[in-house]
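# Topology and contacts: notes
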Amino acid sequence: MDVSEGHVTLTVPEQPEEGVGDAVFFNPDQELNRDLTIATLRAARERIDGLETYFDATAASGVRGVRAAADGWTVECCDTDPDAVTLARENLARNDLAGTVHEGDATVRLHEQRYDIVDLDPFGTPMPFVDAAVRATDGVLAVTATDLAPLCGAHFRSGVRSYATVPRNTEYHGEMAVRVLIGALVRAGARYDRALDPLFTHASDHYVRTYLAVGSGAQAADAQIDRLGYVHHCTDCLHRDAERDLIAHPPADCPACGGSIVTAGPIWLGAIRDREFTAATREHVDASMGTADRARDLLDRIEHELDTPTHYDQHRLCKEWGRSASGMDEFLDALRAAGYQASRTQYGGTTFKTDADVDSIRAATDD
Ligand SMILES: C[S@@+](CC[C@H](N)C(=O)[O-])C[C@H]1O[C@@H](n2cnc3c(N)ncnc32)[C@H](O)[C@@H]1O
Ligand SMILES: [Zn+2]
């Protein structure tokens, strides 16, 4: 079947109704991810001098590479599946675009060749590709992870194995996934004295997508390591504390209610996006993009999100307190009126961030 995205039209196979079949993979639901990729690449080109080459490491139909080529990037694609390689070549040709498609393991290519942008969009965890990828670029590393259950601690052992950390299944699971992923990427970069710094990150549908500027130098890498740490979370009253350190010092029990504490980490505790970069990316969303409205709304939300490492869900807190929920604007205004910072978040309509702790949120919003 034919699919049009941005300024290109591609041939993609019919997909199996459930699971992964033999056909070359294409997920129409990831159009938002791909639209945002193009907008982010445009913002990156403005921010960082000299970016030209884009490597679509796990290309499948080649849709990302084809869209990047149509946007002026010098593109190379790669896939282990010969059918994908043929299809990606056909899709470049069909759109009169130049580009090279390699058959083989992307990590081999990444050990041999450097690119300004490396894009990892594999099945499940991206971690098997990451060591090769961080050494292959000093521009931008773009990473999709679709293994949300391991990342957010719902599949605990799998998360521990893939990300070499302790993920915890909390009510802020999307944000846990974001911070586990970025934390693991930053630590992978640091092994090679590379400083990975998030430009833009979103958790949408069933994946996390992050774009990291790749800098070099031991000191810069150390500065990123200093933004890692732990979250100590109370499973009884939802109180949580973040601790930036190399080792964890969890309290014996919750300082607010005496309940049980679980600790997640090491995870990324820094900002998950550069505010100006996110605003610039929003300017690069254009009318050719099928998800333009959703992309702009998401970018706006993410730009204005506070940088606290966890968020709350008003409905979850109100249930805990045996109270009925109020409108989000009213709720956030009450927090601000009490002198706290407060913002909505990308993680859902009733979620918010604030510098107030749970007891203070309760007091500030109790009318
Ligand atoms: C999720 S699909 C990519 C989807 C595509 N980027 C898109 O936006 O539609 C993952 C692809 O990675 C390929 N793949 C798996 N292991 C690989 C490896 N080691 N090197 C390169 N490609 C690989 C698979 O054959 C598959 O086509
Ligand atoms: Zn507690």
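The structure displayed is predicted, hence computed values, not measured ones. (Residues numbered from 1 in each chain as written. Chains lettered and ligands numbered in written order. Predicted model: local features only at pLDDT ≥ 70, side-chain atom pairs only at ≥ 80, totals over all residues. Heavy atoms only, no water.)

Next up on the list: the UniProt feature "binding site: S-adenosyl-L-methionine" (unreviewed entry) in the protein. Within the UniProt annotation, "binding site: S-adenosyl-L-methionine" (unreviewed entry) is assigned to Arg34, Arg64, Asp79, Asp105 and Ala106. Considered against the largest pocket, the annotated residues that line it turn out to be Arg34, Arg64, Asp79, Asp105 and Ala106. Examined against the element boundaries, aspartate 105 turns out to sit in the loop between β5 (100–103) and α4 (106–112). Engagement of the side chain of aspartate 105 in a polar contact is seen with the side chain of threonine 107, the distance being 2.7 Å. (UniProt positions renumbered as here; feature names shortened; annotations may be inferred. 1 Å grid on protein atoms, 1.4 Å probe; cavity = no way out; pocket = protein on both sides within 12 Å on 5 of 7 lines; lining within 4 Å. Helix = DSSP H or I, 4+ residues; strand = E, 2+ residues; numbered from the N terminus. Polar contact = N/O pair within 3.5 Å; in protein donor to acceptor, adjacent residues only side chain to side chain.)

This brings us to the site of ligand 1. Taken together, 18 residues lie around ligand 1, and Thr58, Arg64, Asp79, Ala106 and Asp121 are the ones closest in. At 3.2 Å, a backbone N or O of threonine 58 approaches a nitrogen atom of ligand 1. About the coverage of ligand 1: the protein hides 88% of its 610 Å² of free accessible area. Here ligand 1 occupies the largest pocket. Split into classes, the residues belonging to the shell around ligand 1 amount to 9 nonpolar, 3 polar and 6 charged. (Near = heavy atom within 4 Å. Areas by Shrake-Rupley, 256 points an atom, 1.4 Å probe, with all protein chains shown as cover. Sits in = over half its atoms within 2 Å of the grid points. Nonpolar A, V, L, I, M, F, W, Y, C, P; charged D, E, K, R; others polar.)

So, about the coordination of the zinc ion (ligand 2). For the zinc ion (ligand 2), every protein donor is listed as Cys234 (SG), Cys237 (SG), Cys254 (SG) and Cys257 (SG), and the spread of their distances is 2.2 to 2.3 Å. In this structure, the zinc ion (ligand 2) is surrounded by 4 donor atoms whose angles at the metal cover 105 to 115°, and the resulting shape is tetrahedral. Mapped onto the polypeptide sequence, the residues donating to the zinc ion (ligand 2) form the spacing pattern C-x2-C-x16-C-x2-C. Of this pair, cysteine 237 sits in the loop between β10 (228–234) and β11 (240–243) while cysteine 254 sits in the loop between β11 and β12 (261–268), and the two are 17 residues apart along the sequence. This pair shows no difference in class: cysteine 237 is buried, exactly as cysteine 254 is. (Donors = N, O, S within 2.8 Å, 3.2 Å for Na, K, Ca; no water. Tetrahedral: all angles 85-135°; square planar, octahedral: opposite > 155°, others 65-115°. Buried < 20%, exposed > 50% of the residue type's maximum accessible area, 1.4 Å probe, protein only.)

Further remarks concern the pattern of salt bridges. Note that side chains of opposite charge can pair when their charged atoms are close. Per the counting criterion, the structure on display carries 24 salt bridges. Close ionic contact of aspartate 286 with arginine 42 constitutes a salt bridge, the shortest N to O distance being 2.8 Å. Taken together, the positions of aspartate 286 in the loop between α10 (275–283) and α11 (292–304) and arginine 42 in helix α1 (residues 31–47) put the pair 244 residues apart, joining distant regions of the chain. A relative accessible area of 22% means that aspartate 286 is categorised as partly exposed. According to the relative accessible area criterion, arginine 42 is buried, its value standing at 15%. Between arginine 336 and aspartate 333 there is a salt bridge whose closest N-O contact spans 3.3 Å. In this pair, arginine 336 and aspartate 333 both sit in helix α13 (residues 328–337), 3 residues apart, roughly one turn of the helix. The exposure class assigned to arginine 336 is partly exposed, which follows from its relative accessible area of 42%. Judged by relative accessible area, aspartate 333 falls into the partly exposed class, the value being 45%. (Salt bridge = Lys/Arg side-chain N within 4 Å of Asp/Glu carboxyl O.)

As a further point, take α13. If you check which residues of α13 are buried, you get Met328, Phe331, Leu332 and Leu335. Projected down its long axis, α13 carries its buried residues within an arc of 90°, all on one side. Exposed positions of α13 whose direction lies more than 90 degrees from the buried face are Asp329 and Ala337. For α13, the secondary structure elements touched by its buried residues are α12 (314–321), β14 (342–344), β15 (351–354) and α14 (358–364). Directly beyond the C-terminal end of α13, a positive phi value near 95° is found at glycine 339. (Arc of directions from axis to C-beta. Contact = heavy atoms within 4.5 Å.)

A few words now on empty space enclosed by the protein. Overall, the coordinates contain 2 cavities of 30 Å³ or more when judged by the stated rule. Reported here for the largest cavity is a volume of approximately 70 Å³. As for the largest cavity, its lining consists of Glu5, Gly6, His7, Val8, Ile38, Arg42, Arg67, Ala70, Asp71, Ser288 and Met289. Sorting the residues of the lining of the largest cavity by element identifies α1 and α2 (63–70) as the ones contributing at least two each. Counted by class, the lining of the largest cavity contains 4 nonpolar, 3 polar and 4 charged residues. Approximately 50 Å³ is the volume found for the second largest cavity. Lining the second largest cavity are Glu175, Arg179, Gly270, Ala271, Ile272, Arg273, Ile302, Glu305, Leu306, Asp307 and Lys353. (Points joined across faces, edges and corners; volume = space filled by probe spheres on them.)

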